[in-house]
Amino acid sequence: MLPIPQNITIVGLNVHGLLTALLLRKTYKPAVTGITLVGLKEEDSPPKAYIAGKTLNTLLEHFGYSEANWMRQTQATFKLSNRYVGFSEQEFSVANASEVDILHQPLMLELSKLKRQAYQLDLSLDDFFFAAALAKRNLSPKAQDFPFETDYQYQVDANCLFTLLQKIAAEHSITTLPSTLETLQLDQHGTLKHIECEDQILSGDYFFDCTQSAQLLIGNMPDFRQETLPEVRINDRVLTYTLAAECCASEVVTTALDCGFVLQYTLQDAVHFQYHYSSKFIQDPQAVQLLERHISQQGYKKVLQRHLSASQAYLVSQPWIHNCLAVGPACGLTQGSEDHELSHTFAMLEQFVSSIQSPDDAKDVIKNYNHRIKSRFVYAHSYHSTLQLLNSRRNSPYWQTPQDANALTPIGRSLFSQWLSGEDLSVEPVLDINGLTAWYALFSGLGHYPTGELKPHPKSRAIQDNIQDMCRKLAGCCLNFQTHDSLIAEGKHHANITAV
Amino acid sequence: MQTSLPFKKIIIIGGGTAGWISACYLAKMWQDYDLEIKIIESDAIGTIGVGEGTTPSIKGFFEQLGIEAKEWMPACNATYKTGIRFVNWSSDPNYKSYFHPFYSQLDEYFQHEFFQNIQLKHRGFDVHAHPDQYLLASELAQQRKAPIEPEHYPFDMAYAYHFDATLLAQFLKKKALQWNVTHQVATINEVKQKDDGSIASVVTESGETIEADFFVDCSGFRSLLLGKTLKVPYNSFADSLLNDSAVTIVTEREDTTPSMTLSTALSCGWAWRIPLTNRFGNGYVFSSRFQSPQDAEEEFRRHLALPESAQFNHLKMRVGHFAKGWEKNVLAVGLSQGFIEPLEATALHFATQSVVDFVSAVDNSTDQAGYSNQTAYNNKLSDRFSCVRDYIELHYLANSRHDTPYWKAARSHTPSRRLQRILTTWHQGKSVPRVLDEEAVSLQLFGHESWLCLLAGKGVFPESEHTIDALPTAMRIDMQKIKHFVETSAKHYPLHDDALAALKQS
Ligand SMILES: Cc1cc2nc3c(=O)[nH]c(=O)nc-3n(C[C@H](O)[C@H](O)[C@H](O)COP(=O)(O)OP(=O)(O)OC[C@H]3O[C@@H](n4cnc5c(N)ncnc54)[C@H](O)[C@@H]3O)c2cc1C
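Conventions we followed
- Residues numbered from 1 in each chain as written.
- Chains lettered and ligands numbered in written order.
- Predicted model: local features only at pLDDT ≥ 70, side-chain atom pairs only at ≥ 80, totals over all residues.
- Heavy atoms only, no water.
- Contact = heavy atoms within 4.5 Å.
- Buried area = accessible area lost by both parts, 1.4 Å probe.
- Salt bridge = Lys/Arg side-chain N within 4 Å of Asp/Glu carboxyl O.
- Polar contact = N/O pair within 3.5 Å; in protein donor to acceptor, adjacent residues only side chain to side chain.
- Nonpolar A, V, L, I, M, F, W, Y, C, P; charged D, E, K, R; others polar.
- Phe/Tyr/Trp six-rings, centres within 6.5 Å; stacked < 30°, edge-to-face > 60°.
- Helix = DSSP H or I, 4+ residues; strand = E, 2+ residues; numbered from the N terminus.
- Buried < 20%, exposed > 50% of the residue type's maximum accessible area, 1.4 Å probe, protein only.
- Lys NZ or Arg CZ within 6 Å of the ring centre and 35° of its normal.
- UniProt positions renumbered as here; feature names shortened; annotations may be inferred.
- Arc of directions from axis to C-beta.
- Near = heavy atom within 4 Å.
- Domains from an automatic or database assignment.

Taking an unreviewed UniProt entry as the reference, chain B is identified by name as Response regulator receiver domain-containing protein belonging to Paraglaciecola chathamensis S18K6.

Chain A has the name Tryptophan halogenase in an unreviewed UniProt entry, where Paraglaciecola chathamensis S18K6 is given as its organism.

This is how it looks when you write it as structure tokens:
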């Protein structure tokens with residue numbers, strides 16, 4: 001059994017450090033557990049947007065910030081779906097789960113199977129996902145008297161979130177020490193005894209490393225090792241642009257561009273582009289040109305901020321060593337076409353808290369923790385690498401590098417072979433990352449259906465009628481939902497009134 | 001596939017609901033053929049005049065005829081029907097009543113939870129396994145709402161209607177006449193057969209001989225052609241279904257119109273209460289072996305709180321069916337073919353399905369005469385009768401009233417092998433839906449939910465031995481969530497009276 005934390009030291013004054021402090025504070029009361037956060041705020045923080053799940057709302061509500069309030073403060077909008085453009089002939093969506101989908105999921109499973117059996121069917125799985133239907137109509141996830149829950153996330157401005165979290169930390173007994181780490185001291189067992197920051201010595205029973213890729217604590221632990229995540233096309237650069245925008249979408253759009261892909265997030269009054277590309281295939285100035293052209297094609301003009309940084313995918317082999325835990329990018333970074341950074345952090349802390357409550361032997365608990373956390377990364381990476389490997393884009397040397405399906409991760413490989421053999425997909429999903437339907441959406445969206453001679457289905461007329469009927473139903477359900485724009489505007493309006 | 005019709009002239013005998021249903025359907029479906037259809041009805045022999053509750057198949061039937069609800073419903077004082085509430089069929093105070101709904105797509109949503117609690121209840125856990133709370137139609141009925149799917153809440157919802165049977169016959173008669181059906185008022189008192197036994201002609205009381213190459217027998221319980229003339233054997237259900245009589249009366253409407261049928265168990269049978277836009281139709285179906293018509297009338301009068309002067313109508317009925325519905329050149333539709341008893345209001349379902357299946361059998365016949373599917377047709381019909389009979393019979397078998405010899409007798413006969421298997425499966429807490437599928441029962445009118453609603457709604461469970469707290473949390477169903485779901489869903493549906501008014505206006 002592990003001891004209940006009494007003295008926690010967190011290194012890294014950034015969103016992950018603050019979230020760690022607050023999530024721990026939510027569980028451990030100040031009278032029992034002291035929490036100190038050490039670090040200097042990065043000067044000139046680059047623009048960044050995060051995708052956050054409902055757990056962020058739960059945390060902030062716990063500290064007294066309603067959804068509308070914190071969303072306003074962090075320029076946040078809703079996210080219902082991720083639309084993939086340019087990876088194959090058809091664009092496709094990977095939508096958040098909705099309880100509405102339960103009613104027609106059997107039809108989706110049956111038809112996707114028939115199409116894999118070479119039946120000629122006009123089928124787009126997008127039609128089966130209610131959250132995608134909402135997002136395509138630019139609706140919010142909020143409705144009155146609509147008893148089906150539709151899962152949604154938030155698109156959040158990272159810098160605004162930082163400011164808000166910092167304020168909450170100050171109000172809730174988190175000691176912050178604006179200082180930089182100089183050395184750390186381990187005992188003979190390799191346990192972290194204390195750290196030294198400028199002229200202060202900070203001890204602790206648990207240390208959290210939130211120093212991102214610097215990995216200042218975990219990187220110095222005795223058994224530290226780092227694994228690279230097998231990447232097919234290594235995107236080592238991220239170019240970000242923030243532009244002024246008037247209307248806001250309730251989806252993230254991921255567009256394949258030459259030599260990489262662009263993630264497009266929508267914030268209140270702004271739109272944020274992140275171009276992940278490989279410097280092996282494209283020089284930075286050309287990447288800028290390419291992204292700017294893409295941005296202007298979307299109709300955006302007014303650039304507010306831009307930034308270029310390096311990026312690399314990795315994963316530490318043991319996120320928790322002795323009394324030191326790596327949280328956030330210090331633990332690992334997947335080069336996602338979807339962003340799971342915050343959801344990993346929430347999952348790590350949730351897992352940490354439940355580990356502390358576990359009656360099992362400390363060693364086993366830590367081992368189990370490491371296994372679970374790593375599985376999350378591997379699962380997220382599997383999805384991303386499947387998209388990267390199995391798409392049908394071939395218009396640049398980057399996309400023409402050999403497509404070797406054997407390079408898929410074991411999860412990706414097993415699912416793809418199930419898909420090809422016409423079976424129902426089965427995998428232990430990490431639900432807050434991507435459920436099973438996301439894999440259906442992916443394989444189907446990338447067009448992995450038999451080609452050549454297709455068989456007409458004897459009931460094709462009835463099948464198309466069924467699909468049409470389902471689309472009519474989803475469209476009808478959409479009528480209950482408020483538009484995304486109006487909901488965001490309401491939030492702003494409310495904030496103004498409160499401010500007055 | 002038939003390119004031409006094997007019949008040139010069809011005579012339908014009987015101008016009750018079954019006769020006009022048959023006339024309309026045959027005229028509509030075979031409108032492109034050179035076919036003469038004539039309906040003959042007697043003014044000396046009346047129609048039965050009851051038959052106001054229906055099942056959802058009637059909706060599809062009207063759709064096939066191309067008749068819209070806004071046209072026929074106001075003309076027949078029709079109302080919407082979400083299902084039937086059964087009251088006092090159980091002596092257990094927790095199961096005083098339950099609702100048998102028509103299918104709603106939204107019920108699938110918590111079906112698993114309902115099934116799970118049924119299983120747990122069988123294992124002695126005191127969980128909520130009464131069907132009402134899981135079902136949307138039950139909530140709609142409770143709130144007197146119409147089961148019409150709104151555009152913004154477009155989930156499939158099956159429903160049926162209540163209507164005035166006499167007005168419906170008149171409405172269909174008008175339609176049939178528009179569709180070139182001819183009508184003759186005459187009483188048939190002789191039927192002539194050919195050497196092979198098939199019907200050659202019918203002779204009216206005035207001596208007119210009317211020939212045809214095909215006859216549809218809609219002569220009611222008389223079964224003039226199928227039973228009396230062709231002497232097709234009759235399978236009686238009287239051993240298992242005791243009721244043979246009914247006493248009926250109409251009463252005033254209430255301020256708002258319910259959207260369900262009420263079926264209340266009385267001392268020697270049960271009473272229906274069917275809402276129309278202008279009145280209620282009421283009837284007490286009972287067994288004359290256990291109660292005299294006078295006593296039944298008196299009990300029913302008290303049940304309805306009517307004065308002594310109230311005028312009741314008495315009917316006799318015969319339960320069972322002819323072994324074949326289509327024999328030689330005669331198709332029987334309606335009471336002349338068979339009748340299971342009015343519980344669950346299935347008679348018009350049989351009538352419409354019979355004529356629909358007949359047209360399809362002839363259209364798809366591989367011989368020129370149109371008879372190649374006759375055996376299959378008859379087998380299907382018999383199967384339908386026996387499946388529906390089993391379900392109706394289960395109502396009686398599963399009752400737990402101890403107050404009169406009637407109710408004890410009603411549950412003391414031996415069920416069919418299939419029904420026995422279903423009951424055993426239920427008592428063992430195993431999967432009834434699986435057995436229903438294996439026995440192909442669920443292909444018929446009553447699906448899984450209907451069977452489970454009946455058994456769970458009548459409280460056919462062992463005594464509870466454990467409280468719900470004895471269950472692991474993960475297995476406890478959040479009934480509040482289900483209640484919220486059902487209530488919130490119901491908000492989207494229109495009030496029954498508003499829906500009826502909108503129909504009238506349109
Ligand atoms: C108590 C009771 C309750 C019922 N409740 C329901 C219900 O809720 N729902 C439901 O679907 N069904 C119900 N039914 C059944 C329903 O009433 C009948 O199925 C329906 O009315 C069709 O009757 P029919 O046309 O077959 O017969 P009838 O209405 O009896 O018509 C027979 C016709 O045949 C004619 N005829 C008979 N003999 C001759 C002859 N020799 N020459 C010429 N014409 C002749 C008569 O003139 C008449 O027109 C109920 C039945 C009963 C008894």
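Okay, back to it.
Undergrad: I'm lost on the interface of chain B and chain A in this one. Help?
TA: A common way to state how big an interface is: give the accessible area lost once the parts meet. Each side of the interface is counted separately: chain B has 17 residues, and chain A has 14 residues. Of the roughly 1400 Å² buried at the junction of chain B and chain A (both faces included), carbon and sulfur atoms supply 62%. Together, Y109, P154 and F155 of chain B form the three largest contributors to the area buried by chain B at its contact with chain A, with a combined 35%. On inspection of chain B and its partner chain A, the count reaches 4 salt bridges. A salt bridge links R472 of chain A to E149 of chain B; the nearest nitrogen and oxygen atoms lie 3.0 Å apart. Linking chain B with chain A are 7 residue pairs in polar contact (both at pLDDT 80 or more). For the side of chain B that touches chain A, the per-class residue count stands at 6 nonpolar, 5 polar and 6 charged.

Undergrad: Looking at this structure, how should I read the packing of aromatic side chains?
TA: Per the counting criterion, the structure on display carries 74 aromatic pairs over all chains. Each ring, one from F146 of chain A and one from F481 of chain A, has its centre 5.1 Å from the other, and the planes form 70°; the classification is edge-to-face. With F146 of chain A in the loop between β8 (139-143) and β9 (153-157) and F481 of chain A in strand β26 (residues 481-483), this pair connects stretches of sequence that are 335 residues apart. We classify F146 of chain A as buried; its relative accessible area is 9%. We classify F481 of chain A as buried; its relative accessible area is 8%. A ring pair is formed by F214 of chain B and Y371 of chain B, whose centres lie 6.5 Å apart and whose planes are at 50°; its orientation type is tilted. One end of the pair, F214 of chain B, is in strand β11 (residues 214-217); the other, Y371 of chain B, is in the loop between α9 (347-363) and α10 (374-397), with 157 residues separating them in the sequence. Look at Y371 of chain B and you get partly exposed, because its relative accessible area is 22%. Every member of this aromatic cluster is reached through a ring pair, and the members are F130, F146, F148 and F481 of chain A together with Y109, F110, Y153, F155, F485 and Y493 of chain B. Positioned above the aromatic ring of Y119 of chain A, the side-chain terminus of K455 of chain A is 4.4 Å from the ring centre.

Undergrad: Teacher, can you tell me more about the UniProt feature "binding site: 7-chloro-L-tryptophan" (unreviewed entry) in chain B here?
TA: Residue and element names in this part refer to chain B. If you check UniProt for "binding site: 7-chloro-L-tryptophan" (unreviewed entry), the listed places come out as K81 in our numbering. For K81, the location among the structural elements is in strand β3 (residues 79-81). Residue K81 is classed as buried on the basis of its relative accessible area of 1%. Reaching out from K81, the side chain makes a polar contact with the backbone oxygen of T54 at a distance of 2.9 Å.

Undergrad: Explain the environment of S287 of chain B to me, please; I cannot follow it from the model alone.
TA: Residues and elements named next belong to chain B. Mapped onto the secondary structure, S287 falls in the loop between β16 (279-286) and α8 (293-304). Spatially, the C-alpha atom of S287 lies 32 Å from that of Y377, the residues being 90 residues apart in sequence. S287 has contacts with L242, N243, D244, C268 and Y406, leaving out every residue within four places of it along the chain.

Undergrad: Would you explain helix α16 (residues 496-505) of chain B in this entry?
TA: Residue and element names in this part refer to chain B. Within α16 the residues assigned to the buried category are H496, A499, L500 and L503. Seen from one end, α16 has its buried residues packed into an arc of 100°, which puts them on one side. Looking at the buried positions of α16, the neighbouring elements they touch are α3 (69-75) and β3.

Undergrad: Explain the site of the ligand to me, please; I cannot follow it from the model alone.
TA: Residue and element names in this part refer to chain B. The environment of the ligand is formed by 33 residues, the closest being G15, I45, V50, G53 and L348. Taking A18, its main chain carries an N or O atom lying 3.1 Å from an oxygen atom of the ligand. Residue V50 places a main-chain N or O atom 2.8 Å away from an oxygen atom belonging to the ligand. Of all the elements in the fold, those that place two or more residues in the shell around the ligand are α1 (17-29) and α9. Residues that form the shell around the ligand fall into these classes: 17 nonpolar, 13 polar and 3 charged. Counting contributing residues per domain, the shell around the ligand is built from domain 1 (9-52 + 164-237 + 319-386) and domain 2 (245-316), each supplying no fewer than three.

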